[in-house]
Amino acid sequence: MLPRLGRLVTQTSKLRSLTTNGPMKNLSFFSRYGYATVAPAETASDPPLHKDFPRKSLVNLDKMFLSKPCSLAIPKDSPLRIDEPDYVGIRRFILKMMMFYSKQSMSIRGANVIYKRIIAQVDKPAIYDVFNLEKTFKITFSLLVLHMWLVLRRLKEDGQEGVDLGQYVYEIYNHDVELRVSKAGVNLLLAKWMKELERIFYGNVVAYDAALLPEAKPNELQIKLWRNVFSDDGTTPDNTDLKAAQAMARYVRRELGSLSLTDKESIFSGNFSFTPLESKPL
C-alpha cells in the first residue's frame, strides 16, 4: 500500500538523489529525472542516452499561452459534461439504500471523472506536438505527474474536503500508473518500480510547489520543468532549448490561474477541461 497523500511533507523531506543499481539498471531514466538533482555521469554499463527533445520546434512557442486565465468549467449544455445520474422513484430509493448517493461514493465517482480529464490532456497528441516531445513512457509519466499536481493543488484550495477528494484521485492515479508500467512489459520487481515512481512523484510535487514560492527565482519553474520533462541528464539547457520549457511554464501558470477561477462544483464533479492545445504552424 502506497503512503497516503497526506504524508507528502514527511515523505518528501526524506528524498535523496535517486540512483540505479542491480535489476533496476534498465529503469535508469527514473533516477535521471530527480526533481532537484543533476544525474550522475553516464557509465559504460549504462544504456546510451536518448535525447527526447528535438532541436526544431514545429510551432512558434513565443506566442503561446499569453492570454489571461479563465474558468475551465464545462458549460452545462455541453456533451462533454458527465453529471451524476438523477434517478427517481423506486430506483433512487434502492440506490440510496445501497449507499450510491453517499458522500464517499459520490467522491469516488467525481475522482474518476477528474482523473479522466487529466488523462485526456496527457494522452492527446497535441501536447506532444506543441512542446515538440516524443511520446515515451518517461515523458508521458512526467506530464501525468505535472497535471496531477495542477489538480491536487487546486483541490487544496477548498480545504480538507478538497484534500480528501484529492486522495481518491491519487489512488486512482496509482492504479493507472501500475497498469501502464505493466503494459510497458514490467512483470518482475513491479513493487520496486512503483516505489521509484512514487518517489519521483513526490519529488516533482515539492519542486513545483517550491518554484511558485515568492522567494523562488523568476525562472525556477521553467528550470524544474526542463529537468523533469525535457532533459535527459538534468543539466541546464541553453537559450534555444529553454524556449519549450519557458512555454510550458507559461502554460502551467495559466492553468493554475484558470483552475483557481473554476468553481468548486465543476472541479469536484470533474466537469472542467484543461486548455485545448493546438499545434499551429510557424
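An unreviewed UniProt entry lists the chain under the name Ubiquinol-cytochrome-c reductase complex assembly factor 1, from Camelina sativa. Word for word, the UniProt comment on the chain under Sequence similarities (unreviewed entry) is "Belongs to the CBP3 family."

J.: Can you lay out the confidence of the model for the chain for me, pointing to particular residues and giving the numbers?
T.: Per-residue confidence for the chain averages 79 on the pLDDT scale, and 74% of its residues sit at or above 70. This model gives residues 7-55 a pLDDT under 50, and the stretch forms 91 contacts once residues within four places in sequence are excluded.

J.: Quick one: what's the story with unusual backbone geometry, residue by residue and with numbers?
T.: Phi at Met-99 is positive, roughly 65°, even though this residue is not glycine. Its place among the elements puts Met-99 in the loop between helix H3 (89-97) and helix H4 (103-123). Owing to a relative accessible area of 49%, Met-99 belongs among the partly exposed residues under this scheme. A positive phi is found at Asn-132, a non-glycine position, where the angle reads about 55°. If you trace the backbone, Asn-132 turns up in the loop between helix H5 (125-130) and helix H6 (137-156).

J.: Can you explain a nonpolar patch on the surface? Please cite residues and give values.
T.: A cluster of nonpolar side chains, contributed by Ile-90, Phe-93, Ile-94, Met-97 and Met-98, occupies part of the molecular surface with about 590 Å² of accessible area. When you line up the elements, Met-98 lands in the loop between H3 and H4.

J.: Give a description of the side chain of Arg-117 that names residues and reports values.
T.: Tracing the backbone shows Arg-117 in helix H4. Here Arg-117 occupies a buried position and makes no salt bridge, while the nearest side chain of opposite charge, Asp-83, is found at 7.7 Å. Excluding residues within four positions of it along the chain, Arg-117 makes contact with Ile-74, Leu-80, Arg-81, Ile-82, Gly-270, Asn-271, Phe-272 and Phe-274.

J.: Could you give an account of the pattern of salt bridges, naming the residues involved and the relevant values?
T.: For the structure on display, the rule yields 13 salt bridges. Residues Arg-154 and Glu-157 are paired through a salt bridge, measuring 4.0 Å at the closest nitrogen-oxygen approach. Arg-154 gets classed as buried once you look at its relative accessible area, which sits at 6%. Among the residues examined, Glu-157 registers a relative accessible area of 46% and is labelled partly exposed. A salt bridge links Glu-198 to Lys-195; its shortest N-O distance comes to 3.3 Å. Taken as a pair, Glu-198 and Lys-195 lie in helix H8 (residues 190-211) at a separation of three residues, close to a single helical turn. Judged by its relative accessible area of 4%, Glu-198 is buried.

Reading guide: rules and limits
Positions within a chain are numbered from 1, following the residues in the order the chain's sequence is written. Under the rules for a predicted model, residues below a pLDDT of 70 receive no local features and side-chain atom pairs below 80 are neither given nor counted, while totals for whole chains, interfaces and linings still include all residues. Calculation of side-chain values draws on the structure's entire complement of heavy atoms; hydrogens and water are dropped beforehand. UniProt positions are given in the numbering used here, feature names are shortened, and annotations may be inferred rather than shown by experiment. For every residue, the predictor assigns a confidence score, pLDDT, that lies between 0 and 100. Whether two residues are in contact is decided by their heavy atoms, any of which lying within 4.5 Å being enough. Helix numbering and strand numbering both begin at the N terminus, where a helix is a DSSP run of H or I of at least 4 residues and a strand a DSSP run of E of at least 2. In this scheme, a residue with accessible area under 20% of its type's maximum is buried, one over 50% is exposed, and one in between is partly exposed, where area comes from a 1.4 Å probe on protein chains only. Here a patch means residues that are over 30% exposed by relative accessible area and free of salt bridges, tied together within 9 Å if like-charged and within 5 Å if nonpolar (Val, Leu, Ile, Met, Phe, Trp, Tyr). Note on areas: these come from Shrake-Rupley sampling with a 1.4 Å probe, and a residue is covered only by the protein chains present in the view. The salt bridge definition used is simple: a Lys or Arg side-chain nitrogen within 4 Å of an Asp or Glu carboxyl oxygen. Only four residue types enter the charge count, namely Lys and Arg as positive and Asp and Glu as negative; His and the chain termini do not.

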